[in-house]
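Each chain is listed here by its residues.
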Amino acid sequence: GADGRLLDVEAIDAHYGRSQALFNVSFDVGRREVVALLGRNGAGKTTTLRSIMGLNTVSQGAISFEGNRISGRRPHEIARSGISYVPETRDPFSLLTVEENIMLGYRDGSPYDLKRILSWFPDLAGLIQRRGSQLSGGQQQMMVIGRGLAPGPRLLLLDEPSQGLAPVIVKMVGRVLAELRGEDLSIVLVEQNLNLALSVADRIVVMENGSVVDRLSAEEGRRHPERIERYLTIH
Ligand code: ATP
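Attention here is on the structure that accompanies the text. Only a predicted model underlies this, so the values are computations on that prediction, with no experimental measurement involved. (Residues numbered from 1 in each chain as written. Predicted model: local features only at pLDDT ≥ 70, side-chain atom pairs only at ≥ 80, totals over all residues. Heavy atoms only, no water.)

### Side note on the pairing of strand β6 (residues 83-86)
(1) Moving on: Burial of β6 is two-sided: the residues I83 and Y85 facing one way and the residues S84 and V86 facing the other way are all buried.
(2) Moving on: One ladder, built from four bridges, connects β6 with strand β7 (residues 155-159); its direction is parallel. Counterpart to S84 in the pairing with β7 is L156. (Buried < 20%, exposed > 50% of the residue type's maximum accessible area, 1.4 Å probe, protein only. Helix = DSSP H or I, 4+ residues; strand = E, 2+ residues; numbered from the N terminus. Pairing = 2+ DSSP bridges.)

Listed below in structure tokens is the structure:
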């Protein structure tokens, strides 16, 4: 992604009541770039995504998207400006079909219609009339990523897409993310699965206790995984 910065997270703090969850977190995302946020449970990864989306208030610092300040705006305004958030819970609307679940997010002018989305998720193509509740965990994950893509975002925030999935399905999620590389799309990927992150990310941001503790290219991460692993395993 050489043509400029898409997202700037500048020295943000965030709190839950009186407890501080983020301390001076900064990183940026370029156009068509995949940035992985890695760290243990409680490191602040989800809070960072929620802060970008406007679901958590930022108490210090600022977040800009395409040069415009988005921190302080409402989540639906942030969504409309071109950011989609796919939370970790991946709850489908169980009474809606796969097609309805995906197309809930569709907006006029989106480059991603159902056909296009299904081209990345061939496993869903035969299931579009099933109800969301009738899918396996991996199929639900594909479906909620599809729903995130439907509005045509330029930035996709993905919270632990590998969570709870069998290794073979995790590989499939990795392949889907790799295929999205051809789109005018950037991704912030929260992960605890280091291999998945290293296989799809351009850059890695490592978090611990609400702070950014390291930043590296995926290339550096592949050469020195121990630099990241020590922030993932418990000592
Ligand atoms: P996980 O993968 O478990 O979600 P994470 O790196 O995404 O971990 P966060 O969920 O962002 O971490 O949590 C950061 C800190 O904020 C933790 O100390 C957590 O206990 C706290 N926290 C998160 N959500 C809440 C909440 N709703 N109320 C109070 N504290 C919270």
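Moving on from the coordinates now.
### Quick word on the site of the ligand
(1) Moving on: Neighbouring the ligand are the residues Y16, A21, R40, N41, G42, A43, G44, K45, T46, T47, E160 and Q192.
(2) Moving on: One of the side-chain nitrogen or oxygen atoms of K45 is found 2.7 Å away from an oxygen atom of the ligand.
(3) Moving on: Measuring from an oxygen atom of the ligand, one finds a side-chain N or O atom of T47 at 2.5 Å.
(4) Moving on: The fraction of the free accessible surface of the ligand (620 Å²) that becomes covered by protein chains is 58%.
(5) Moving on: Here the element with the most residues in the shell around the ligand is helix α1 (residues 45-52); it accounts for three residues. (Near = heavy atom within 4 Å. Polar contact = N/O pair within 3.5 Å; in protein donor to acceptor, adjacent residues only side chain to side chain. Areas by Shrake-Rupley, 256 points an atom, 1.4 Å probe, with all protein chains shown as cover.)

### Topic: the layout of surface pockets
(1) Moving on: In this model, the largest pocket occupies a volume close to 340 Å³.
(2) Moving on: Along the wall of the largest pocket there are 18 residues; nearest its centre are Y85, P87, V144, R147 and G148.
(3) Moving on: Secondary-structure elements contributing two or more residues to the lining of the largest pocket are β6 and α6 (137-149).
(4) Moving on: When residues in the lining of the largest pocket are grouped by element, the largest group, four residues, is from β6.
(5) Moving on: Its residues assigned to classes, the lining of the largest pocket shows 10 nonpolar, four polar and four charged. (1 Å grid on protein atoms, 1.4 Å probe; cavity = no way out; pocket = protein on both sides within 12 Å on 5 of 7 lines; lining within 4 Å. Points joined across faces, edges and corners; volume = space filled by probe spheres on them. Nonpolar A, V, L, I, M, F, W, Y, C, P; charged D, E, K, R; others polar.)

### Regarding the pattern of salt bridges
(1) Moving on: Tallied over the entire structure, the rule returns 13 salt bridges.
(2) Moving on: Across the pair E219 and R223 runs a salt bridge whose closest N-O atoms are separated by 3.3 Å. Placement of both E219 and R223 in helix α9 (residues 218-223) is noted, with a separation of four residues, approximately one turn of the helix.
(3) Moving on: A residue is classified by how much of its surface remains accessible, and E219, at 42% relative accessible area, is partly exposed.
(4) Moving on: Each of R5, D8, D28, E33 and R203 takes part in a single network of salt bridges with overlapping partners. (Salt bridge = Lys/Arg side-chain N within 4 Å of Asp/Glu carboxyl O.)

### Quick word on α6
(1) Moving on: In a regular helix each residue adds 1.5 Å, so 13 residues correspond to 18 Å; α6 covers 19 Å between its end C-alpha atoms and thus fits that length.
(2) Moving on: Those residues of α6 not exposed but buried are G138, Q140, Q141, M142, M143, V144, I145, G146, R147, G148 and L149.
(3) Moving on: Elements in contact with the buried residues of α6: β6, α3 (98-103), α4 (114-120), α5 (122-125), β7 and α7 (167-179). (Expected span 1.5 Å × (residues − 1). Contact = heavy atoms within 4.5 Å.)

### Re the packing of aromatic side chains
(1) Moving on: Inspection of the entire model under this criterion finds one aromatic pair.
(2) Moving on: A ring pair is formed by Y112 and W120, whose centres lie 5.2 Å apart and whose planes are at 80 degrees; its orientation type is edge-to-face. Note on accessibility: Y112 and W120 belong to one class, buried. (Phe/Tyr/Trp six-rings, centres within 6.5 Å; stacked < 30°, edge-to-face > 60°.)

### Thoughts on the sheet that holds strand β3 (residues 34-38)
(1) Moving on: Strands sit in the order β6-β7-β8-β3-β9-β10 across an open sheet of six strands; the sheet is mixed. Bordering the open sheet on either side are β6 and β10 (211-217), each of which pairs with just one other strand. Pairs of neighbouring strands in the sheet enclose a mean axial angle of 15 degrees, with direction left out of account.
(2) Moving on: Relative to β10, strand β9 (residues 203-208) runs antiparallel, the two sharing six bridges. Note on β10: the bridge partner recorded for E208 is S211. (Axes fitted to C-alpha atoms, helices over the stretch in contact; angles between N-to-C directions.)

### A short note on the nonpolar core
General note: in soluble globular proteins, nonpolar side chains tend to be found buried as a group.
(1) Moving on: Ranked by size, the top nonpolar core spans 44 residues in total, and within it F121, L124, L149, I204 and I228 carry the most contacts.
(2) Moving on: Those residues in contact with I228 that sit more than four places away from it in its chain are L38, L194, L198, I204, V206, L216 and G221. (Core = buried A, V, L, I, M, F, W, Y, C linked by side-chain atoms within 4.5 Å.)

Honestly, that's just the spatial picture; any functional story needs more than this.
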